[in-house]
Amino acid sequence: MAPDTLDHREGPRDECGVFGVYAPGQDVAKFAYYGMYALQHRGQESAGIASADLGGYIITQRALGLVSQVFTEHDLRALSGDLALGHTRYSTTGGNEWENSQPVHRNDRRELALAHNGNLVNAVELHAELVAKGVHFRATTDSEIMAALLSTGEANSLEDAIADAMPRLRGAFSTVVMDRDRVCAFRDPQGIRPLVLGQLGGDAWVVASETCALDIIGATYVRDVAPGELVVLDERGVTSRQVIEGERQAFCLFEYIYFARPDSRMNGQLLQRSRVRMGEILAREAPAVGADLVVAVPDSGIPAARGFAAASGIPMDDGFVKNRYVQRTFIQPGDQLRQHGLRLKFNPLPEVIEGKSLVVVDDSIVRGNTTRQLVKMLRDAGAREVHFRITAPPIRNPCHYGVDMSSREEMVAHERTVDEIRDHIGCESLAYLSLEGVYEAVRGQRSGHCDACFSGEYPIPGTEDHLGKYALENALPMVKA
Ligand SMILES: O=P(O)(O)OC[C@H]1O[C@H](OP(=O)(O)OP(=O)(O)O)[C@H](O)[C@@H]1O
Ligand SMILES: NC(=O)CC[C@H](N)C(=O)O
Ligand code: SF4
Ligand SMILES: [Mg+2]
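In this text the structure is predicted, and so the values were computed from the model without any measurement.

Colleague: Just give me the short version of the environment of M377, but keep the residues and values in it.
Modeller: Topologically, M377 is positioned in helix α13 (residues 369–380). Looking at M377, the number of C-beta atoms within 10 Å reads 21, which means it is buried. Residues M377 and N267 lie 110 residues apart in sequence; the distance between their C-alpha atoms is 38 Å. Among all residues touching M377, those that are not within four sequence positions of it are F346 and P348.

This is the structure:
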């Protein structure tokens, strides 16, 4: 199947945001809506909410688009209930189509709705197995496979069906699932994607991808859902079961660098602080001696640039303005407009830049398009020298755990040295933060993280290669028959 032609976003594609709330008698649809609003950065292709009154039917509404485009006040009133889920999607298995949006709603042996962040690496095998048993699918996502496993599971309760299914799933899953009485949340044994538990007061509980989704609805952070753990939110409060233990943990290092919001906390660290430290350490590892001004590439490069400026003593100013209304998926401009390149997104401030030797700080380079065009734009605006500093190591390997980072060949660092990348981008100097520097900044150990896109060392053996986003469409052309 051809890739989505409307989507020509640069950079690492985000993942998904998940949210679940158990709050009898409260406005759960509004909680889900605002929670998803806070998680919009994790996925902009589709959004959905599932809700139910205790003991009642599950209602689901989902559509392609942003949270604010998908739901009206009227929709939220129709979704009222005692428990709810929310999902914002960026596709990693299965194209960007309505059928593939989430929450997935199934009613095989038991009715449930499910929202998933991550990516299963054994989706094709599980799919074939379920189809052989007569299970029908409407979507081409790994998430529907997980929902089908739980919905068809022979165990007597949803909790037991989850505990039976978890050891069969390989890859990344931070999943939230509800039936008519409870919200369950479970995480893969490596803990690749984040998932946190919060309290709304009294008997009301929340789970979400990031703490920023708790903040927005006034919930208090309680703890992370542990790798391999299943938590259940219901009339008993919160109960927990450690389903899988003792696996190598592999929390995604890129969450700290780029994906997550800087006001979120991960593994005890406020990400804004971690990113400032990345900039400080980069200034130590690769100083830009003699430069006049530090400039950030907005948005995610801003804290790192602040750290670089503080540690180097070089003043910082705004070199560009970013148009905050440019969505991550937008309509292809025609040829004439395309020549203006990223002008749609960034506009430089010549009065600030003119005649200066600039240190430009960004968090990551994937294809290099952003960086190359920014260098040209800065030169056109009168910059004397451009020194790029990146607070991540070069990305040379694809992610199979819930981030669509384009194929190896599309990455600018593929089969290029740093000097070759510098020449390709056209700047005076280029330096990347070392892997050790990233770990120092996040105060973490390599043994507990995944850094495969930088190092090529995949934490789950046998997952170095994967069939990619259209695995199910390609392997099973009759999948929707
Ligand atoms: O090398 P490329 O493939 O061109 O992509 C790299 C850019 O993409 C990301 O930013 P993005 O604009 O997506 O989001 P942000 O506003 O959160 O920084 C990243 O922060 C880099 O700036
Ligand atoms: N990026 C994600 O977390 C996506 C979840 C799931 N694999 C999907 O494609 O829908
Ligand atoms: S490969 Fe990179 S983006 Fe993917 S989980 Fe590992 S660190 Fe994160
Ligand atoms: Mg950026």
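Colleague: Explain the pairing of strand β1 (residues 16–22) residue by residue, including any values.
Modeller: With seven of seven residues buried, β1 is to be regarded as a mostly interior element. The side-chain alternation of β1 yields two buried faces, one formed by C16, V18, G20 and Y22 and the other by G17, F19 and V21. Relative to strand β4 (residues 83–89), β1 is paired through seven bridges, and the arrangement is antiparallel. In the sheet register, G17 faces β4, and the bridge partner there is T88. Bridge count between β1 and strand β10 (residues 204–208): four bridges; the pairing is antiparallel. Note that in β10 the partner of V21 across the bridge is V206.

Colleague: Could you give an account of the UniProt feature "binding site: Mg(2+)" (unreviewed entry) in the protein, naming the residues involved and the relevant values?
Modeller: Under the UniProt annotation, the feature "binding site: Mg(2+)" (unreviewed entry) is placed at S300, D362 and D363. A stretch of 64 residues holds the annotated residues, and the largest C-alpha distance among them is 7.1 Å, short enough that they meet in one place. Mapped onto the secondary structure, D362 falls in strand β20 (residues 357–362). Within the fold, D363 resides in the loop between β20 and α13.

Colleague: Give a detailed account of the UniProt feature "binding site: [4Fe-4S] cluster" (unreviewed entry) in the protein, specifying residues and quantitative values.
Modeller: Cross-referencing UniProt, the feature "binding site: [4Fe-4S] cluster" (unreviewed entry) maps to C252, C399, C450 and C453 in the present numbering. In three dimensions, the annotated residues from a span of 202 residues occupy one location, with a maximal C-alpha spread of 10.0 Å. Relative to the assigned elements, C252 resides in strand β14 (residues 251–252). Take C252: there are 28 C-beta atoms within 10 Å of it, and that puts it in the buried class.

Colleague: Can you break down the sheet that holds strand β3 (residues 58–64) residue by residue, with the values?
Modeller: Read across the sheet, seven strands follow the order β3-β2-β4-β1-β10-β9-β11 without closing on themselves; strand pairing throughout is antiparallel. The open sheet is flanked by β3 and β11 (220–224), the only strands paired with a single partner. Put simply, the sheet's adjacent strands are angled 15° from each other on average, direction ignored. In the packing of helix α1 (residues 28–38) onto the sheet, the strands contacted are β1, β2 (46–52), β4 and β10, and the crossing angle to β4 comes to about 25°.

Colleague: Describe the site of ligand 2, listing the residues and the values that go with them.
Modeller: Looking at ligand 2, there are 16 residues lining it, with E15, C16, T92, N117 and G402 nearest. Mapped by element, the contributors of at least two residues to the shell around ligand 2 are β6 (111–120) and α5 (142–152). In terms of residues, the shell around ligand 2 owes the most to one element, β6, which gives four residues. When the residues that make up the shell around ligand 2 are grouped by side-chain class, the tally is two nonpolar, eleven polar and three charged.

Colleague: How would you sum up the nonpolar core? Please name residues and give values.
Modeller: Residues V21, A32 and L150 are the most contacted members of the largest nonpolar core, which totals 152 residues. For this core, the leading source of residues is α1, giving eight residues. When residues of this core are assigned to domains, at least three map to each of domain 1 (16–250) and domain 2 (270–444). Here A32 is in contact with F19, V21, I49, A84, L85 and G86, once residues within four sequence places are set aside.

Colleague: Describe in detail the packing of helix α4 (residues 123–132) against α5, supporting the description with residues and values.
Modeller: Relative orientation of the contacting elements α4 and α5 amounts to 45°, with a least axis distance of 10 Å. Compared by their axis directions, α4 and α5 come out oblique. Handedness of the α4/α5 crossing: left-handed. Residues A123, L126, H127 and L130 of α4 touch α5, and the partners they reach there are D142, I145, A148 and L149. Among the residues forming the contact of α4 with α5, the class breakdown is six nonpolar, one polar and one charged.

Colleague: Residues and numbers for the environment of L253, please.
Modeller: Along the polypeptide, L253 turns up in helix α8 (residues 253–259). Judged by the 24 C-beta atoms lying within 10 Å of it, L253 falls in the buried class. C-alpha of L253 to C-alpha of R396: the two residues are 143 residues apart in sequence and 15 Å apart in space. Apart from the residues within four sequence positions on either side, L253 is in contact with V438, H449, C450 and D451.

Colleague: Explain the domain arrangement of the protein to me, and be specific about the residues and the numbers.
Modeller: As far as domains go, the protein holds domain 1 (16–250) and domain 2 (270–444). A C-alpha centroid distance of 34 Å is found between domain 1 and domain 2. In this complex, domain 1 contributes twelve residues to the contact, which on the side of domain 2 involves seven residues. Going through the elements one at a time, β6 and β7 (171–178) are the ones with two or more residues in the side of domain 1 that touches domain 2. A total of three residues in the side of domain 1 that touches domain 2 trace back to one element, the largest contributor, which is β6. Broken down by class, the residue content of the side of domain 1 that touches domain 2 amounts to four nonpolar, six polar and two charged.

Colleague: Could you give me a rundown of the confidence of the model for the protein, with the residues and numbers involved?
Modeller: Of the residues in the protein, 92% have a pLDDT of 70 or more, and the chain-wide mean is 91. Below a pLDDT of 50 lies the segment residues 1–9, which in the model reaches 13 contacts outside its immediate sequence neighbourhood of four places, other chains included. Interface scoring of the predicted complex returns ipTM 0.97; its pTM is 0.94.

Conventions adopted
- Every residue gets a number counted from 1 within its own chain, in the order that chain's sequence is written.
- Working convention: letters from A go to chains and numbers from 1 go to ligands, in the order in which they are written.
- With the structure being a predicted model, the display of local features is reserved for residues of pLDDT at least 70 and the display and counting of side-chain atom pairs for 80 or more, all residues being used for whole-chain, interface and lining totals.
- What counts as a helix is a DSSP run of H or I of at least four residues, what counts as a strand is a run of E of at least two, and both are numbered from the N terminus.
- Our exposure labels follow a C-beta count within 10 Å of each residue's own C-beta, placed from the backbone: buried means 20 or more other C-beta atoms, exposed means 12 or fewer, and partly exposed covers the counts in between.
- C-beta atoms are first placed from the backbone for all residues, and any pair lying within 7 Å is then listed as a contact.
- If DSSP finds at least two bridges between two strands, the strands pair.
- UniProt positions are given in the numbering used here, feature names are shortened, and annotations may be inferred rather than shown by experiment.
- Lines fitted to C-alpha atoms define the axes here, with helix axes fitted over just the stretch in contact, and angles between the N-to-C directions of these axes take values from 0 to 180 degrees.
- Residues are counted as near a molecule or strand when the C-beta atom, derived from backbone positions, lies within 6 Å of that molecule or strand.
- Residue classes follow a fixed rule: Ala, Val, Leu, Ile, Met, Phe, Trp, Tyr, Cys and Pro count as nonpolar, while Asp, Glu, Lys and Arg count as charged, and any other residue, Gly among them, counts as polar.
- A set of buried residues drawn from Ala, Val, Leu, Ile, Met, Phe, Trp, Tyr and Cys, joined through C-beta atoms within 7 Å, is what defines a nonpolar core.
- All domain edges in this entry derive from an automatic or database-based domain assignment.
- Oblique is the label for any angle not under 35 degrees, not over 145, and not in the 65 to 115 range, which are roughly parallel, roughly antiparallel and roughly perpendicular in turn.
- Put simply, a crossing is left-handed when the front helix is turned counterclockwise from the back one by less than a right angle, and right-handed when it is turned clockwise.
- Scored between 0 and 100, pLDDT is the confidence that the predictor attaches to each residue.

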